[in-house]
Amino acid sequence: MEIPMLDLSEQYSTIREEVLLKLDQVMSSSQFILGSHVKQVESDIAKMSKTKHGIGVGNGSDAIHIALQAAGIGEGDEVITTSFTFFATAGAITRANAVPVFVDIDPVTFNIDPSKIEAAITEKTKAIIPVHLYGQMADMDPIMEIAKKHNLHVIEDAAQAIGSTYKGKQVGEMSSAATYSFFPTKNLGAYGDGGMVVSNSDELAGLARVIRVHGSKPKYHHHVLGYNSRLDEMQAAVLSVKIPHLPTWSENRRKHATYYTEMLNDAVSKHVVTPVEVEGNYHVFHQYTLRVERRHELQAFLKDQGIATMIYYPIPLHMQPVFKELGYQEGDLPETEKAAKEALSLPMFPELKQEQQDYVIAKIMEFYL
Ligand SMILES: *Cc1c(COP(=O)(O)O)cnc(C)c1O
């Protein structure tokens, strides 16, 4: 059996007719940039996020950059975030001319540990970016409390967590802004790049809307420096077909996660740690990530059996050569460094079949037992 990390063609076969019809509509209308599909998707995703505004942008990385700039963060400001994330989180902070300040993670959730945030706050701190890693929201209550006390923005990097909730609250509902990615492999993936900023702030959203069109408002008048970063109509058309399916897809991911967890805990609990959904959270399992013993051997063994696995992320951001000047040393963020050595993600997508999961589980058992 060959089991990929995810199978986008399987999903496409279920929505093909609708997608082709929508793409034909876009091409027939010849309205390719900031047309009706983008407007509709912005409104649908803002509604889903319980925010007043949605601003479609070029990708999830630009969404973070634009949200920071729209929040007034720039030269010399410090932004607290996690080192255990995709590069884009800290890359966007740096591109906004601000400085990323890394805080260690909670080993249970892999998300930023709120109890470590206050020690990292200085006079220059302007914002916190929690990343809702693997599809589970970070512990937002203490984060929002700290932000309020120190007058900081909170921008949620929700690239992996569209549709997740925390104590009944949506992504974007509590913070200054949240950002999504529609990269094809994300839970709501377009057929190319795409992203969105959602926000309840009229001011932040208004600025974000202007920044994505070179700061032009009214047209050809530039009061702020922006760039060209927009969600395009073709991608919005694809998303408009997918959005109604998202709740079912999330539910399916959750079912597969529960199944993996039950079976693996029964069989190999001495060798692997299964992911934990914190009480009150609705985890959307963008990734199903274990901590495992003898990771590289296990990964090679599974590969030989036709099973794809991935390591998200092998090198924490504070150890990346490009951030050398920030001055971090190995040992500065022990939980992050430990997670980077132990994490292994298994195949996870809504269309995953039970036979496929059984095969993965059987092969993991075979490796350890
Ligand atoms: C994917 C991702 C991004 C970047 O999104 P792109 O659309 O690829 O630019 C940012 N942060 C996290 C945590 C991601 O997983």
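Residues numbered from 1 in each chain as written. Predicted model: local features only at pLDDT ≥ 70, side-chain atom pairs only at ≥ 80, totals over all residues. Heavy atoms only, no water.

Quick notes on the overall build of the protein chain
For the protein chain, the helix and strand inventory stands at eleven helices and 13 strands. Taking 2.2 N^0.38 as the reference for a compact globule, 369 residues should give roughly 21 Å; the C-alpha atoms of the protein chain span a radius of gyration of 21 Å, in line with that estimate. Here the protein chain holds 369 residues, and the buried ones make up 56% of them. Partitioning the intrachain contacts of the protein chain with sequence separation of at least 6 by distance along the chain shows that 71% fall at a separation of at least 24. Carbon and sulfur atoms make up 53% of the accessible area of the protein chain, which totals about 16,100 Å². Charged side chains in the protein chain number 34 positive and 46 negative. The centres of these two groups are separated by 4 Å. (Helix = DSSP H or I, 4+ residues; strand = E, 2+ residues; numbered from the N terminus. Rg over C-alpha atoms; globule rule 2.2 N^0.38 Å. Buried < 20%, exposed > 50% of the residue type's maximum accessible area, 1.4 Å probe, protein only. Contact = heavy atoms within 4.5 Å. Areas by Shrake-Rupley, 256 points an atom, 1.4 Å probe, with all protein chains shown as cover. Lys, Arg positive; Asp, Glu negative; His and termini not counted. Charge placed at Lys NZ, Arg CZ, Asp CG, Glu CD.)

Considering the site of the ligand
Taken together, 15 residues are adjacent to the ligand, and G60, S61, D157, S181 and K186 come closest. Contact distances for the ligand include 2.7 Å between an oxygen atom and a backbone N or O atom of G60. D157 places a polar side-chain atom, nitrogen or oxygen, 2.8 Å from a nitrogen atom of the ligand. Burial of the ligand by the protein chains amounts to 93% of its free accessible area of 380 Å². Elements that contribute at least two residues to the shell around the ligand include exactly α3 (60–70) and α4 (88–95). Per-element accounting of the shell around the ligand gives the leading share, three residues, to α3. (Near = heavy atom within 4 Å. Polar contact = N/O pair within 3.5 Å; in protein donor to acceptor, adjacent residues only side chain to side chain.)

Remarks on the side chain of S345
Relative to the helices and strands, S345 is located in strand β13 (residues 343–346). Not counting chain neighbours up to four residues away, the residues in contact with S345 comprise M5, Q287, Y288, T289, T309, M310 and Y312.

Section: the pattern of salt bridges
According to the stated counting rule, one finds 16 salt bridges in the structure shown. Salt-bridge contacts for D77 lead to K126; the nearest nitrogen and oxygen are separated by 3.0 Å. With a gap of 49 residues between them, D77 in the loop between α3 and β2 (78–82) and K126 in strand β4 (residues 125–129) connect regions that are remote in the sequence. For D77, a relative accessible area of 9% puts it in the buried group. A relative accessible area of 34% places K126 in the partly exposed class. Across the salt bridge formed by E251 and R254, the nearest N and O atoms sit 3.8 Å from each other. In this pair, E251 and R254 both sit in helix α8 (residues 246–268), three residues apart, roughly one turn of the helix. (Salt bridge = Lys/Arg side-chain N within 4 Å of Asp/Glu carboxyl O.)

Looking at the domain arrangement of the protein chain
Domain assignment breaks the protein chain into domain 1 (8–244) and domain 2 (245–368). Each of domain 1 and domain 2 has a C-alpha centre, and these two points are 24 Å apart. On the side of domain 2, 37 residues touch domain 1, which itself brings 47 residues to the contact. Summing both partners gives a buried area of about 3,600 Å² for domain 1 against domain 2, and 60% of it is carried by carbon and sulfur. Between the two partners, domain 1 and domain 2, sit one salt bridge. (Domains from an automatic or database assignment. Buried area = accessible area lost by both parts, 1.4 Å probe.)

Some words on α3
Where burial is concerned, most of α3 is hidden: nine out of the eleven residues are buried. By the burial criterion, the buried members of α3 are G60, D62, A63, I64, H65, I66, A67, L68 and A70. Among the residues of α3, the N-terminal cap falls to N59, whose side-chain oxygen and the backbone nitrogen of S61 are separated by 3.0 Å.

Thoughts on the packing of aromatic side chains
This model, assessed by the stated rule, comprises 13 aromatic pairs. Summarising the aromatic geometry, the rings of Y12 and Y191 are spaced 5.8 Å apart at their centres and angled 80° between planes, so their arrangement reads as edge-to-face. Taken together, the residues Y12 in helix α1 (residues 8–29) and Y191 in the loop between β8 (177–181) and β9 (195–199) connect sequence positions 179 residues apart. Members of the aromatic cluster, each reached through a chain of ring pairs, are F84, F86, F110, Y134, Y312 and Y313. It is R254 that lies over the ring of Y282; its NZ or CZ is 4.1 Å from the centre. (Phe/Tyr/Trp six-rings, centres within 6.5 Å; stacked < 30°, edge-to-face > 60°. Lys NZ or Arg CZ within 6 Å of the ring centre and 35° of its normal.)

Considering α1
Residue pairs spaced three or four apart in an α-helix point in one direction, given the helix's 3.6 residues per turn. Between its terminal C-alpha atoms α1 stretches only 27 Å, short of the 32 Å expected from 22 residues at 1.5 Å a residue. Taking the largest bend as the criterion, α1 deviates by roughly 70°, centred on I15. Among the residues of α1, Q11, I15, V19, L23 and V26 are the ones counted as buried. Phi turns positive, to about 55°, at S30, one or two residues after α1. (Expected span 1.5 Å × (residues − 1). Bend = angle between axes of the 7 residues up to and from the residue.)

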